[in-house]
Each structure stands twice: as C-alpha cells, then as structure tokens.
Amino acid sequence: MLSVNIICVGKLKEKYWTQAVNEYEKRLRLFCKFKITEVDEEKISDNPNESQINAVLEKEGKRILKNIGKNSQVIALCIEGSQVSSEGVAEIFGKTALNGISSIDFIIGGSWGLSDEVKCNCDIKLSMSKMTFPHQLARVMLCEQIYRAFQITSGGKYHK
C-alpha cells in the first residue's frame, strides 16, 4: 500500500480547516497509509527584510528536510511548479508505483514559501494555481486532490 505524507509548516488554526482535513484523512485510509507531519513555523516580524525571510525559510527548510522519507517521491507545492490536472496527479501516483516507489512526500511551505534547498531536494514541483492561497487552505486542497487521484485510479464515481 502506498504511503502518502504531507509535510507542512505550521498547524491548522481554524476548526473548519481541521474538520475538512480530518474528513479527507478518514477517506484516504481506504487507499493509502496517510499521514500529515507538521513542522514548527518560525516567528518573524510583521515587516521583515529579505535576510530575515531567508533565515526563516532556511530554518523551516531544515525541519522539512528531516522529515522526508529516504526512498520517497518528493513533491513540493510552490509557485514556480508546473500546473497539472487532477488526472495528472493521478498519473504521478501511477508512475510512482510503477517505478517501485512506495512513498510520496508532499511539501507545503509556510507563508513565505519554501527554501531553495527544499526545492532542490524535490523530484517534482507543482503549483496549484497562478492564484495565491493561504497555506492552510492549500493543505485542504491538496488532501482533496490526493483523494481525487485515488478515486480516478480506482475508477470511483467521485471524479466527474
């Protein structure tokens, strides 16, 4: 069974985000070993300069990198990534399995994004959209797309 881990910066703060993620987590247990790993978010001033932002990205990045599986397919969600359809996500899952990889790690950065070091350690970079979303909403959207991908590959009726 495929293992899917979402490594993300910070905790969900609002109850409605947590409820949504919990629902998808429950659904995903039928298809994979699903886990969410939260790493601490660095505190930063309200008006940071570039070096402060880079320091935050580096610290958060080191925490992320410690949680990546040794033989995982690593997929970062970042603005410069490729945009793919839901069917494209399902194809990534299929190719991962065909290549004998049994674990996928998705990475969601904090509000400042991901460090270059994290991006360089990824196999695939995906962008959800040209629009900007809060990273907490991105977590819910990613969970939904993972569930949708499994529904597509299993021929379920969820994806229309």
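Parameters and conventions
- Residues numbered from 1 in each chain as written.
- Predicted model: local features only at pLDDT ≥ 70, side-chain atom pairs only at ≥ 80, totals over all residues.
- Heavy atoms only, no water.
- Helix = DSSP H or I, 4+ residues; strand = E, 2+ residues; numbered from the N terminus.
- Rg over C-alpha atoms; globule rule 2.2 N^0.38 Å.
- Buried < 20%, exposed > 50% of the residue type's maximum accessible area, 1.4 Å probe, protein only.
- Contact = heavy atoms within 4.5 Å.
- Areas by Shrake-Rupley, 256 points an atom, 1.4 Å probe, with all protein chains shown as cover.
- Lys, Arg positive; Asp, Glu negative; His and termini not counted.
- Charge placed at Lys NZ, Arg CZ, Asp CG, Glu CD.
- Polar contact = N/O pair within 3.5 Å; in protein donor to acceptor, adjacent residues only side chain to side chain.
- Core = buried A, V, L, I, M, F, W, Y, C linked by side-chain atoms within 4.5 Å.
- Phe/Tyr/Trp six-rings, centres within 6.5 Å; stacked < 30°, edge-to-face > 60°.
- Pairing = 2+ DSSP bridges.
- Right-handed = clockwise from strand over helix to strand, strands pointing away.

S.K.: Would you explain the overall build of the chain in this entry?
M.R.: Helix and strand content of the chain: five helices and five strands. N-terminal to C-terminal, the α/β element order of the chain is β-α-β-α-β-α-β-α-β-α. On C-alpha atoms alone, the chain measures out to a radius of gyration of 15 Å, which is about the 15 Å that the 2.2 N^0.38 rule sets for 160 residues. Counting only C-alpha atoms, the chain reaches 50 × 35 × 25 Å along its principal axes. Within the span of the chain, comprising 160 residues, buried residues form 45% of the whole. Across the chain, the fraction of contacts at a sequence separation of at least 24, relative to all contacts at a separation of at least 6, is 84%. Within the structure as shown, the chain displays about 9,200 Å² of accessible surface, and the carbon and sulfur contribution to it stands at 50%. Positive and negative side-chain charges of the chain, numbering 22 and 19 respectively, have mean locations separated by a distance of 7 Å.

S.K.: Please clarify how the side chain of Ser127 should be interpreted in this entry.
M.R.: Structurally, Ser127 is set in the loop between strand S5 (124-126) and helix H5 (135-154). Within the structure, the side chain of Ser127 is placed 3.0 Å from the backbone oxygen of Ser129, a separation counted as a polar contact. In this structure Ser127 touches Cys78, Ile79, Gly81, Ser82 and Gln83, once residues within four positions along its chain are discounted.

S.K.: Can you help me understand the nonpolar core in this one?
M.R.: Nonpolar side chains tend to gather and get buried jointly when the protein is soluble and globular. Residues Val4, Ile6, Phe34, Phe93, Phe106, Ile146 and Phe150 are the most contacted members of the largest nonpolar core, which totals 28 residues. When residues of this core are traced back to their parent elements, those giving at least two are strand S1 (3-9), helix H1 (15-28), strand S3 (73-82), helix H3 (86-98), strand S4 (103-108) and H5. Top contributing element to this core by residue count: H5, with seven residues. Counting 12 residues, the second largest nonpolar core, distinct from the first, contains Val39, Ile64, Ile68 and Val74.

S.K.: In this structure, what is going on with the packing of aromatic side chains? I would like to understand it.
M.R.: In this description, an aromatic ring pair is defined by two values, namely the gap between the centres and the angle between the planes. Enumeration according to the criterion identifies six aromatic pairs in this entry. Centroid distance Tyr16 to Trp17: 4.9 Å. Interplanar angle 55°. Geometry classified as tilted. Given the relative accessible area of 18%, Trp17 is considered buried. With centroids separated by 6.1 Å and ring planes inclined at 50°, the aromatic side chains of Tyr24 and Tyr147 adopt a geometry described as tilted. Pair noted here: Tyr24 is in helix H1 and Tyr147 is in helix H5, with a separation of 123 residues, a long-range link. Given a relative accessible area of 15%, Tyr24 falls into the buried group.

S.K.: Sorry if this is basic, but what is going on with the pairing of S3 here?
M.R.: Strand residues, when the strand is regular, have side chains that alternate between the two faces of the sheet. With seven of 10 residues buried, S3 lies mostly within the body of the structure. Inspection of the sheet shows S3 paired to S4 by five bridges, in the parallel sense. Along S4, the bridge assignment pairs Gln73 with Ile104. What joins S3 to S4 is H3, and the crossover it makes is right-handed. Two strands pair when backbone bridges link them, and S3 and S5 are joined in this way by four bridges, in the parallel orientation.

S.K.: Before we go on, may I ask you to explain the pairing of strand S2 (residues 33-39) in this structure?
M.R.: Alignment of S1 against S2, held across seven bridges, turns out to be parallel. In the sheet register, Ile6 faces S2, and the bridge partner there is Ile36.

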